[in-house]
Amino acid sequence: MTGHLAVVGLGPSDARYLTPEAGAALADAQSLYGYAAYLDRVPVRADQRRHASDNREERARAAEALKDAAAGGRVALVSGGDPGVFAMAAAVCEEIERGPQNWRALDLTVIPGITAMLAVSAKIGAPLGHDFCALSLSDNLKPWTLIERRLDAAAGAGFVIALYNPVSRARPWQLGKALERLRRHLPPATPVVFGRAVGRTEENVSVVTLDEANATAADMATLIIIGSRDTRVVLRAGKTPLVYTPRAAVEVNA
Ligand code: SAH
């Protein structure tokens, strides 16, 4: 008899964004693992054990949850947003790949959640309405030179770019550098969306041009969407502007 591990996406904020499937997986768990700030979003039940860990201990947290499930527990490991987007599902797969054989026999489910770029996009219109990509600006697990190469390729190929992990206390300069890099490829008027703490009381979504975009406008809870050459801003009297990327595109160099 082996236990069960559910890697659960909580969405960007509160229960409004939690899918019924995720809610059911949380209710079904005997023990809950996760970064403390995410676990705090899960309603407390006296019969469930909580194992809160620090944000940076992803590997150890995945291994703990797997050990618990392998011992027969019904375990939920939570992530903000979607667990497959710069989050715990990949950490769990890495541990299963290098861990003991019996971890491969575990009953594992990954339950999707609304990822930050979709929540931000929905607040402002449809900036991801045509081809786009997502990049983490964190150079904790990859070299900065690779990030620059991917920014060049993405902007050069006409993708709208969603930037996760734009800054942190340990990574103060990366966003400024990234914006400088993007200005080499994109016109100064390219729309840039800063979506901060979407779905929470301190939510703030703003639109500026790439020319005006300032790295100090972002923090750890900010997701940035860099438009493509096709992305448009529709001004509306008395309302926030709409930012969208039309469904059709033409070959730039044709
Ligand atoms: N798995 C998460 C992403 C984890 S990386 C997801 O799918 O959303 C953490 C980054 O996600 C943050 O630095 C920020 O860029 C973004 N983020 C998470 N929650 C957010 C929110 N409520 N509003 C805006 N950005 C958010």
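Use the structure listed above.
Residues numbered from 1 in each chain as written. Predicted model: local features only at pLDDT ≥ 70, side-chain atom pairs only at ≥ 80, totals over all residues. Heavy atoms only, no water.

Outline the site of the ligand, listing residues and values.
Contacts to the ligand come from 20 residues, most closely from D82, V85, T115, M220 and T222. One of the backbone N or O atoms of M220 is found 2.6 Å from an oxygen atom in the ligand. Separating a nitrogen atom of the ligand from a backbone N or O atom of L223 is a distance of 3.5 Å. The protein chains hide 92% of the 540 Å² of surface that the ligand would expose on its own. Grouping the constituent residues of the shell around the ligand by class yields 12 nonpolar, 6 polar and 2 charged. (Near = heavy atom within 4 Å. Polar contact = N/O pair within 3.5 Å; in protein donor to acceptor, adjacent residues only side chain to side chain. Areas by Shrake-Rupley, 256 points an atom, 1.4 Å probe, with all protein chains shown as cover. Nonpolar A, V, L, I, M, F, W, Y, C, P; charged D, E, K, R; others polar.)

Describe the sheet that holds strand 11 (residues 222–226), with residues and values.
Overall, mixed pairing links the 5 strands, which are arranged 7-8-11-9-10 in an open sheet. A strand with exactly one partner marks an edge of an open sheet, and here the two such strands are strand 7 (132–136) and strand 10 (204–209). Averaged over all pairs of adjacent strands, the angle between their axes in this sheet comes to 20 degrees, without regard to strand direction. Inspection of the sheet shows strand 8 (residues 160–164) paired to strand 11 by 3 bridges, in the antiparallel sense. Residue pairing across strands places L163 opposite I224, the latter belonging to strand 11. Its contacts with the sheet put helix 6 (residues 144–156) on strand 7 and strand 8, and the angle it makes with strand 7 is roughly 165 degrees. (Pairing = 2+ DSSP bridges. Helix = DSSP H or I, 4+ residues; strand = E, 2+ residues; numbered from the N terminus. Axes fitted to C-alpha atoms, helices over the stretch in contact; angles between N-to-C directions. Contact = heavy atoms within 4.5 Å.)

Give me the side chain of R181: which residues, what numbers.
Looking at the element boundaries, R181 is found in helix 7 (residues 174–183). A distance of 3.3 Å separates polar atoms of two side chains, one belonging to R181 and the other to E148. Looking at R181, its side chain comes within polar contact range of the side chain of D152, at 2.8 Å. Other than its neighbours up to four places away in sequence, R181 contacts E148 and D152.

Which residues make up unusual backbone geometry, and what values go with them?
Positive phi outside glycine occurs at F86, with the angle close to 45 degrees. Position of F86 relative to the elements: it lies in the loop between strand 4 (74–79) and helix 4 (88–98). A residue is classified by how much of its surface remains accessible, and F86, at 41% relative accessible area, is partly exposed. Phi at A197 takes a positive value of approximately 50 degrees, unusual for a residue other than glycine. Within the element layout of this structure, A197 appears in the loop between strand 9 (191–196) and strand 10. With a relative accessible area of 1%, A197 lands in the buried category. (Buried < 20%, exposed > 50% of the residue type's maximum accessible area, 1.4 Å probe, protein only.)

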